[in-house]
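The residues making up each chain are set out below.
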Amino acid sequence: MFDWLQHFADWLIYSVFEIGAETHLGVALNFFVYDTLKILILLFVIVFIMGIVNAYFPIERLKDYLNRKKLYGLEYFFSSIFGAITPFCSCSSVPLFIGFVQGGIPLGVTFSFLITSPLVNEVAVAMFIGMFGVKATLIYVVSGILLGTIGGWLLGKFNLEPLLSDWVKQILENKMQQAKFQEEHRTFYQRLPEITNGAWDIVKNVLLYVIIGIAIGAAMHGYVPENFFSAYLGGGEWWTVPLAVIVAVPMYANAAGIVPVIQVFVAKGVPLGTAIAFMMATVGLSIPEATLLKKVMSIKLIAIFFSVITLCIILSGYVFNILL
Amino acid sequence: MSKVIKILGTGCPKCKSMTNVVKDVVSENNIDATIDKVEDIMEIMKFNVMTTPALVIDDVITIKGRVPSKDEVLKLLN
């Protein structure tokens, strides 16, 4: 599908700039040009498609549905899928969280949403397709959704309601009056320009991270020797997965910046499962997210939340390494 | 009568672009309105919105979860 891009990169670097295909610089520059263009195309397409899905996604109806129906455990799964579909914006996570809890949805189900929402997002998916291919992306998305399902179910087993912030508890007690909302009736063509603009905005926002990430990746690709990491990290020792995950939790790297670097790790010998676990911990849990959540829950609850998810990610890292 | 416009958002990029759009529309068309930016999550939740940014005109939520175009805002204000 992207053959023409590779031809273009070959032509640009080897013919126009006349940098030899056998030099480190030539290889690194070729990799950089090819990957940057490929990723930007993928990013725009996927963000655009998700923009359309989001414009029509009936959040309120889904909330009511989850609340009314007895789903025998499937509600965790649905909530997790919902988290995967909603856009990647931590600022909307907290209002959605409160909206859910307020709508009478159990805390565990709400957590399923909260886990998957940052974990599976359109930017990460686009980067993954570009760098690891469709199969690895499917594994990432499916395991992200399962992780949210299981994590939420586990957290639902604890009695966590008392650990919410006081003002959230107050909201839960007094049913607040609903502000009036004018229903929108607009056609697809009326919405199309703003969906396109929204997609451009997201691509523009991550552009810098993509370029930096791919530049670092390209530099490593050309200069780091084969199997460099397997000598230290990739040997499959049992402690490599927890180490990768625990290092990654406090980190807040934009998915756009981290995937190209991880791709080189994998190319140089780190097992894919360890890399996926690292990626999940980086985008799924972070210090800024904890700061946001502090407004709605106590530190103890955040600690429980982060520990359970960290454990789940470590376990899934082992599972990937066995399966892949 | 002066309109009261409230923009609900915790300060993410989308909320900022909504604020800019609304400010532009109000000043370009000389609309008599006060613009109030609500950034406190507790205040935002009083409006019961689940997606930000949201645009509230005279206590009616008109837009939530996306950045509107200038034309759209102008229509809502007239």
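None of these values were measured; they are calculated from a predicted model. (Residues numbered from 1 in each chain as written. Chains lettered and ligands numbered in written order. Predicted model: local features only at pLDDT ≥ 70, side-chain atom pairs only at ≥ 80, totals over all residues. Heavy atoms only, no water.)

1. Description of the pairing of strand β1 (residues 3-8) of chain B
Residue and element names in this part refer to chain B.
Then step 1. As paired elements, β1 and strand β2 (residues 33-38) share six bridges and run parallel to each other. Bridge assignment links Lys6 to a residue of β2, and that residue is Asp36.
Then step 2. With helix α1 (residues 13-28) bridging β1 and the parallel β2, this β-α-β connection has right-handed handedness.
Then step 3. When β1 meets strand β3 (residues 54-57), the two strands line up antiparallel, connected through four bridges. Bridging across to β3, Leu8 finds its partner in Ala54. (Pairing = 2+ DSSP bridges. Helix = DSSP H or I, 4+ residues; strand = E, 2+ residues; numbered from the N terminus. Right-handed = clockwise from strand over helix to strand, strands pointing away.)

2. Looking at unusual backbone geometry
All names here are of chain B.
Then step 1. The backbone of Asn30 shows a phi angle near 50 degrees, a positive value even though the residue is not glycine.
Then step 2. Looking at the secondary structure, you find Asn30 in the loop between α1 and β2.
Then step 3. According to the relative accessible area criterion, Asn30 is exposed, its value standing at 71%.
Then step 4. In this structure, Asp58 is a non-glycine residue whose phi angle is positive, near 45 degrees.
Then step 5. Inspection of the secondary structure puts Asp58 in the loop between β3 and β4 (60-64). (Buried < 20%, exposed > 50% of the residue type's maximum accessible area, 1.4 Å probe, protein only.)

3. Let's talk about the nonpolar core
For soluble globular proteins, the rule of thumb is that nonpolar side chains tend to be buried together.
Then step 1. Formed by 88 residues in total, the largest nonpolar core has its most connected members in Met279 and Met297 of chain A.
Then step 2. Met279 of chain A has contacts with Ala124, Phe128, Tyr140, Ala255, Ile258, Val259 and Ile262 of chain A, leaving out every residue within four places of it along the chain.
Then step 3. The next biggest cluster of nonpolar side chains, apart from the first, holds 14 residues, and it includes Ile5, Ile7, Ala33 and Leu77 of chain B. (Core = buried A, V, L, I, M, F, W, Y, C linked by side-chain atoms within 4.5 Å. Contact = heavy atoms within 4.5 Å.)

4. Quick word on α1 of chain B
Then step 1. For α1 of chain B, spanning 16 residues, the distance from its first C-alpha to its last is 22 Å, which sits close to the expected 22 Å at 1.5 Å a residue.
Then step 2. Looking one or two residues past α1 of chain B, Asn30 of chain B carries a phi angle of roughly 50 degrees, positive in sign. (Expected span 1.5 Å × (residues − 1).)

5. Regarding empty space enclosed by the protein
Residue and element names in this part refer to chain A.
Then step 1. By the definition in use, this model includes one cavity of 30 Å³ or more.
Then step 2. What the largest cavity holds in volume is close to 40 Å³.
Then step 3. Around the largest cavity, the lining residues are Leu114, Ile115, Pro118, Leu119, Leu147, Gly284, Leu285, Phe305, Ile309 and Ile313.
Then step 4. Among the elements of the structure, α6 (107-119) and α16 (299-323) are those that each provide at least two residues to the lining of the largest cavity.
Then step 5. Counting residues per element, the lining of the largest cavity draws most heavily on α6, at four residues.
Then step 6. Within the lining of the largest cavity, the residues separate by chemical class into nine nonpolar, one polar and no charged. (1 Å grid on protein atoms, 1.4 Å probe; cavity = no way out; pocket = protein on both sides within 12 Å on 5 of 7 lines; lining within 4 Å. Points joined across faces, edges and corners; volume = space filled by probe spheres on them. Nonpolar A, V, L, I, M, F, W, Y, C, P; charged D, E, K, R; others polar.)

6. Observations regarding the pattern of salt bridges
Pairs can form between side chains of opposite charge once their charged atoms are near each other.
Residue and element names in this part refer to chain B.
Then step 1. Under the criterion given, the structure shown has five salt bridges over all chains.
Then step 2. One salt bridge in this structure joins Lys70 and Asp24, with 3.7 Å as the shortest N-O distance. With a gap of 46 residues between them, Lys70 in helix α3 (residues 70-77) and Asp24 in helix α1 connect regions that are remote in the sequence.
Then step 3. Within the structure, one salt-bridge network assembled from shared partners comprises Asp24, Glu28 and Lys70. (Salt bridge = Lys/Arg side-chain N within 4 Å of Asp/Glu carboxyl O.)

7. Some words on the environment of Ser165 of chain A
Residues and elements named next belong to chain A.
Then step 1. Secondary-structure assignment places Ser165 in the loop between α8 (134-157) and α9 (166-173).
Then step 2. A residue is classified by how much of its surface remains accessible, and Ser165, at 13% relative accessible area, is buried.
Then step 3. Every residue in contact with Ser165, bar those within four places of it in the chain, is listed here: Lys294, Lys295, Val296, Met297 and Ser298.
Then step 4. A polar atom in the side chain of Ser165 sits 3.2 Å from the backbone oxygen of Lys295. (Polar contact = N/O pair within 3.5 Å; in protein donor to acceptor, adjacent residues only side chain to side chain.)

8. Things to note about a nonpolar patch on the surface
Residue and element names in this part refer to chain A.
Then step 1. Taken together, the side chains of Trp4, Ile41, Val45, Ile49 and Val53 present a nonpolar region at the surface, about 430 Å² in accessible area.
Then step 2. Element by element, the count of residues in the nonpolar patch is highest for helix α2 (residues 24-56), at four residues.
Then step 3. Tracing the sequence through the fold places Ile49 in helix α2.
Then step 4. Residue classification places Ile49 among the partly exposed residues on the basis of a relative accessible area of 45%. (Patch = residues over 30% accessible without salt bridge, like charges linked within 9 Å, V, L, I, M, F, W, Y side chains within 5 Å. Areas by Shrake-Rupley, 256 points an atom, 1.4 Å probe, with all protein chains shown as cover.)

9. Here we look at the environment of Lys37 of chain B
Residue and element names in this part refer to chain B.
Then step 1. One can find Lys37 in strand β2.
Then step 2. When near neighbours in sequence (up to four residues on either side) are disregarded, Lys37 contacts Ile7, Cys15 and Thr19.
Then step 3. At 2.7 Å, the side chain of Lys37 and the side chain of Glu39 are in polar contact.

10. Details of the packing of α1 of chain B against α3 of chain B
All names here are of chain B.
Then step 1. Two elements in contact, α1 and α3, have axes separated by 9 Å at closest approach and are oriented at 60 degrees. Between α1 and α3, the angle falls in the class oblique. Crossing handedness for the pair α1 and α3: right-handed. Across the interface between the two elements, Val21, Val22, Asp24, Val25, Val26 and Glu28 from α1 touch Lys70, Val73, Leu74 and Leu77 from α3.
Then step 2. Each residue belonging to the contact of α1 with α3 can be placed in one class, and the counts come to seven nonpolar, no polar and three charged. (Axes fitted to C-alpha atoms, helices over the stretch in contact; angles between N-to-C directions. Parallel < 35°, antiparallel > 145°, perpendicular 65-115°, else oblique. Left-handed = near helix turned anticlockwise from the far one by under 90°.)

Taken by themselves, the reported measurements are silent on function.
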